[in-house]
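# Observations on the model geometry
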Amino acid sequence: MSDTSQDGGVVTSDRPSADDGLSSAELAAKYGLSVSGARPGLAEYVRQLWGRRHFILAFSQAKLTAQYSQAKLGQLWQVVTPLLNAGVYFLIFGVIIGADRGMSRSVYIPFLVTGVFVFTFTQSSVMAGVRAISGNLGLVRALHFPRASLPISFALQQLQQLLFSMVVLVVVAVAFGSYPGLSWLLVLPALLLQFVFNAGIAMIVARLGSKTPDLAQLMPFIMRTWMYASGVMFSIPVMLQDKPAWIADLLQYNPAALHMDLIRFALIDGYGAANLPPHVWFVTLAWSLVVGIGGFVYFWKAEERYGRG
């Protein structure tokens with residue numbers, strides 16, 4: 001509106017607005033505005049994640065293909081690398097140190113190879129997960145999608161890699177006298193539980209690594225300690241039989257040891273139930289649910305902060 005002053009000039013004044021005095025939050029609510037990239041509710045987040053399932057699968061396959069694209073042996077390195085590691089561990093621990101005590105060579109060699117392959121699945125999932133956000137900032141900042149897709153797809157990539165390796169693992173088991181039987185079917189639920197656990201821990205370290213890039217430098221030392229404490233190269237109860245019982249129990253019930261023991265029990269004829277801790281399936285299921293669901297919720301709570309700052 002306008003008024004005329006004494007000297008003939010025109011003075012304008014703003015008409016009071018209905019929005020005057022409203023806070024930013026009240027204005028946003030009035031006009032139906034929302035924060036860009038705001039975290040959705042948990043149920044909605046799960047629904048969005050399920051809607052991106054084809055992206056998760058395609059992304060994991062693309063990463064798996066690209067991983068060895070520059071190597072002449074290509075995808076064979078998926079099998080050759082853990083086999084070489086198993087060969088080194090056999091030379092050091094099996095031949096020089098004698099960590100195969102209590103087991104014949106026909107049991108110890110598939111025992112060792114199984115341990116290396118299965119632990120590598122967890123190790124690689126964690127190492128990929130810690131860089132899932134910080135290593136893909138361009139993708140995170142350019143596109144809107146549930147960020148949990150990234151650590152889950154990396155865990156899925158490692159599962160696919162393990163499945164390729166399982167062919168060699170089966171050959172090793174058969175070569176040393178363990179033939180297919182009904183117990184081999186137990187590999188499927190064991191791998192499913194391990195995948196859920198790995199995806200959960202990958203989401204935990206993905207959130208931590210998104211704000212603390214130095215975690216990626218520290219993680220190899222943590223994983224190496226975890227490997228030596230999980231009985232990859234030796235039987236925990238046999239090697240620690242002269243130590244307090246609680247130490248062996250603590251190491252046997254750690255999730256990495258449980259995953260290895262379940263698959264060893266399924267594949268190796270000479271590795272019986274006596275080598276497993278009590279309630280092994282229940283404890284493994286509990287680990288998978290607690291870490292899998294807990295890791296998912298922990299990652300979701302920081303959804304709107306990924307890629308910012």
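Check the entry above for the structure.
## Overview of the packing of aromatic side chains
The final tally for this structure, using the stated rule, is 13 aromatic pairs. Aromatic side chains tyrosine 45 and phenylalanine 296 sit 5.7 Å apart centroid to centroid with 45° between the ring planes, which places their arrangement in the tilted category. Here tyrosine 45 is found in helix H2 (residues 42-51), whereas its partner phenylalanine 296 is found in helix H13 (residues 280-300), with 251 residues between them in sequence. In this structure tyrosine 45 comes out as buried when scored by relative accessible area, which is 0%. Residue classification places phenylalanine 296 among the buried positions, given a relative accessible area of 14%. Ring centres 6.4 Å apart and planes at 90° place the aromatic pair phenylalanine 197 and tryptophan 287 in the edge-to-face group. Of the two residues, phenylalanine 197 sits in helix H8 (residues 187-211) while tryptophan 287 sits in helix H13, which places them 90 residues apart along the sequence. By relative accessible area, phenylalanine 197 is classed as buried at 2%. For tryptophan 287, a relative accessible area of 33% gives the class partly exposed. Among the aromatic residues, those joined into a cluster by ring pairs are Phe55, Phe59, Phe145 and Phe154. Stacked on the ring of tryptophan 300, the Lys or Arg arginine 39 has its end atom at 4.4 Å from the ring centre. Over the aromatic face of tyrosine 298 sits the side chain of arginine 207, whose NZ or CZ is 4.1 Å from the ring centroid.

## Observations concerning the packing of helix H4 (residues 77-97) against helix H7 (residues 149-175)
The geometry of H4 relative to H7 is characterised by a closest axis approach of 9 Å and an angle of 65° between their N-to-C directions. Taken together, the axis directions place H4 and H7 in an arrangement best described as roughly perpendicular. Like other packed secondary-structure pairs, H4 and H7 cross with a definite hand, here right-handed. Counting all contacts with H4, which are made through Gln78, Val79, Pro82 and Leu83, the residues of H7 involved are Gln161, Phe164, Ser165 and Val168. For the contact of H4 with H7, the per-class residue count stands at 5 nonpolar, 3 polar and no charged.

Thresholds applied
- Residues numbered from 1 in each chain as written.
- Predicted model: local features only at pLDDT ≥ 70, side-chain atom pairs only at ≥ 80, totals over all residues.
- Heavy atoms only, no water.
- Phe/Tyr/Trp six-rings, centres within 6.5 Å; stacked < 30°, edge-to-face > 60°.
- Helix = DSSP H or I, 4+ residues; strand = E, 2+ residues; numbered from the N terminus.
- Buried < 20%, exposed > 50% of the residue type's maximum accessible area, 1.4 Å probe, protein only.
- Lys NZ or Arg CZ within 6 Å of the ring centre and 35° of its normal.
- Axes fitted to C-alpha atoms, helices over the stretch in contact; angles between N-to-C directions.
- Parallel < 35°, antiparallel > 145°, perpendicular 65-115°, else oblique.
- Left-handed = near helix turned anticlockwise from the far one by under 90°.
- Contact = heavy atoms within 4.5 Å.
- Nonpolar A, V, L, I, M, F, W, Y, C, P; charged D, E, K, R; others polar.

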